[in-house]
Amino acid sequence: MERRGIAEAGGAALVSALLAIAALWLAVGYVDWVLVASTAIGVAIAAAANYRARTGHADAVATEAPEVTADNFEDHTPVTAGDGGTEGIEAEPSVEDGRT
């Protein structure tokens, strides 16, 4: 795993452990270290899995995406109302056909 993934997982584990300590101290009056450690480990595993899923998805999208260049960028962009009109309308609306 990259350094960024390790930092995300470690930071999430640290923050969750500190929050668990504070919550237990305020609510119960003592700290159950097994609960704190298991919470931190679970959060670290979840954060690492989330990081791997995000980076894996980004890599998959990058390999499947078409290469857009200056010559073909118009083929990969949708036509909108501000791009010079709407596709499919050949004539201007008139009173006779009810499209005013």
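Anything mentioned here points back to the structure above.
Residues numbered from 1 in each chain as written. Predicted model: local features only at pLDDT ≥ 70, side-chain atom pairs only at ≥ 80, totals over all residues. Heavy atoms only, no water.

*Asks:* I tried to follow the overall build of the protein chain on my own but got confused; where do I start?
*Replies:* In terms of helices and strands, the protein chain carries 2 helices and 0 strands. Out of the 100 residues in the protein chain, the part that is buried amounts to 13%. (Helix = DSSP H or I, 4+ residues; strand = E, 2+ residues; numbered from the N terminus. Buried < 20%, exposed > 50% of the residue type's maximum accessible area, 1.4 Å probe, protein only.)

*Asks:* Explain the packing of helix H1 (residues 3-27) against helix H2 (residues 33-64) here, please?
*Replies:* Axis separation between H1 and H2 bottoms out at 8 Å; the angle between their running directions is 150°. Comparing the axis directions of H1 and H2 gives the class roughly antiparallel. Our pair here, H1 against H2, has a crossing hand that is right-handed. When H1 is examined against H2, the residues Arg4, Gly5, Glu8, Ala9, Ala12, Ala13, Ser16, Ala17, Ala20, Ile21 and Leu24 are found in contact with a partner set consisting of Trp33, Leu35, Val36, Thr39, Ala40, Val43, Ala44, Ala47, Ala48, Tyr51 and Arg54. Tallied by class, the residues present in the contact of H1 with H2 amount to 16 nonpolar, 3 polar and 3 charged. (Axes fitted to C-alpha atoms, helices over the stretch in contact; angles between N-to-C directions. Parallel < 35°, antiparallel > 145°, perpendicular 65-115°, else oblique. Left-handed = near helix turned anticlockwise from the far one by under 90°. Contact = heavy atoms within 4.5 Å. Nonpolar A, V, L, I, M, F, W, Y, C, P; charged D, E, K, R; others polar.)

*Asks:* How do you make sense of H2 when you look at a structure like this?
*Replies:* One full turn of an α-helix is made of 3.6 residues, so residues set three or four places apart face in the same direction. With 32 residues, H2 extends 46 Å from end C-alpha to end C-alpha; this agrees with the ideal 46 Å at 1.5 Å per step. All of the buried residues along H2 are Val36, Ala40, Ala47, Ala48 and Tyr51. Those residues of H2 that are buried are in contact with H1. (Expected span 1.5 Å × (residues − 1).)

*Asks:* What is the right way to read the nonpolar core from this model?
*Replies:* Nonpolar side chains in soluble globular proteins tend to end up buried together. Core analysis: the biggest nonpolar cluster contains 7 residues, these being Ala13, Ala17, Ala20, Leu24, Val31, Val36 and Ala40. Listing elements by their share of this core, those giving two or more residues are H1 and H2. Top element by residues in this core is H1. It accounts for 4 residues. Discounting chain neighbours no more than four positions away, the residues touching Ala13 are Ala40, Val43 and Ala44. (Core = buried A, V, L, I, M, F, W, Y, C linked by side-chain atoms within 4.5 Å.)

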